[in-house]
Amino acid sequence: QVQLVESGGGLVQAGGSLRLSCAASGRTFSSYAMGWFRQAPGKEREFVAAIIWSAGNPYYAGSVKDRFTISRDNAKNTVYLQMNSLKPEDTAVYYCARKRYGNSPVGNSYGYDYWGQGTQVTVSS
């Protein structure tokens, strides 16, 4: 079992910044990667960013590349998502998730087996 708890969401004006955290507990040592996804009202869940747990390689969706930065602290079993230059279209519930194996693209949500409860990010114009 793996437990994921997100924090750091909130309301921010366009152009502002937020940092999301995802604290993992349980059997995290077998994780291949951690990812962030988001879901806006009326839209499907979409990939935001992912990081390979051991090597630290980051991956980003085109819509957030150069604005968002994913990082991890192995000692704290925590993944972060630094979000800068936020836009109203970034408004969504953000979820972190654990990817157990590396046999599918990190951007595919079906490869993730544990999910957090989500944290709301609202960007006002």
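Each chain carries its own residue numbering, running from 1 in the direction its sequence is written. Given that this is a predicted model, residues contribute local features only at a pLDDT of at least 70 and side-chain atom pairs are listed and counted only at 80 or more, while totals for whole chains, interfaces and linings are drawn from all residues. Hydrogens and water molecules were not included; the side-chain quantities draw on all heavy atoms of the structure.

Q: Pulling in residues and values, what's your account of the packing of aromatic side chains?
A: Two rings from Phe, Tyr or Trp (for Trp, the six-membered ring) form a pair when their centres are within 6.5 Å of each other. A pair whose planes differ by under 30 degrees is stacked, one over 60 is edge-to-face, and the rest are tilted. Counted under the stated rule, the structure contains 4 aromatic pairs. On the numbers, 5.1 Å between centres and 55° between planes, the contact of Phe37 with Trp115 is tilted. You can see Phe37 sitting in strand 4 (residues 33–39) and its partner Trp115 sitting in strand 10 (residues 112–115), a full 78 residues away along the chain. With 6.1 Å between their ring centres and 55° between their planes, Tyr112 and Trp115 make a pair best called tilted. Every member of this aromatic cluster is reached through a ring pair, and the members are Phe37, Phe47, Tyr112 and Trp115. Any Lys NZ or Arg CZ found within 6 Å of a ring centre and within 35 degrees of that ring's normal is scored as a charge over the ring. Sitting over the face of the ring of Trp115, Arg45 holds its NZ or CZ atom 4.5 Å from the ring centroid. A cation over a ring is seen here: Lys99 above Tyr112, with NZ or CZ 5.6 Å from the ring centre. Numbered from the N terminus, helices here are DSSP runs of H or I no shorter than four residues, and strands are runs of E no shorter than two.

Q: Can you tell me about the nonpolar core, naming the residues and giving the values?
A: We define a nonpolar core as any set of buried Ala, Val, Leu, Ile, Met, Phe, Trp, Tyr and Cys residues linked to one another through side-chain atoms lying within 4.5 Å. Three exposure classes are used, based on accessible area relative to the maximum for each residue type with a 1.4 Å probe and protein chains only: buried under 20%, partly exposed in between, and exposed over 50%. One finds Trp36, Val48, Phe68, Val79, Leu81, Met83 and Tyr94 to be the most contacted residues of the largest nonpolar core, which totals 35 residues. Those elements giving two or more residues to this core turn out to be strand 1 (2–7), strand 3 (18–26), strand 4, strand 5 (46–52), strand 7 (68–73), strand 8 (78–83), strand 9 (92–99) and strand 11 (119–124). Looking at this core element by element, the count peaks at 6 residues for strand 5.

Q: Explain the environment of Glu89 residue by residue, including any values.
A: Note on placement: Glu89 falls in the loop between strand 8 and strand 9. Residue Glu89 is classed as exposed on the basis of its relative accessible area, which comes to 55%. C-alpha of Glu89 to C-alpha of Ser63: the two residues are 26 residues apart in sequence and 9.8 Å apart in space.

Q: An account of the state of the cysteines is needed here, citing residue identities and associated values.
A: Note that a disulfide, as used here, is simply two cysteine sulfur atoms within 2.5 Å. This structure, assessed with the given rule, holds 1 disulfide. Put simply, Cys22 and Cys96 are joined by a disulfide, and their sulfur atoms are 2.0 Å apart. As the torsion about the S-S bond is roughly 55°, the Cys22-Cys96 disulfide counts as right-handed. Note that Cys22 is positioned in strand 3 and Cys96 in strand 9, a separation of 74 residues in sequence.

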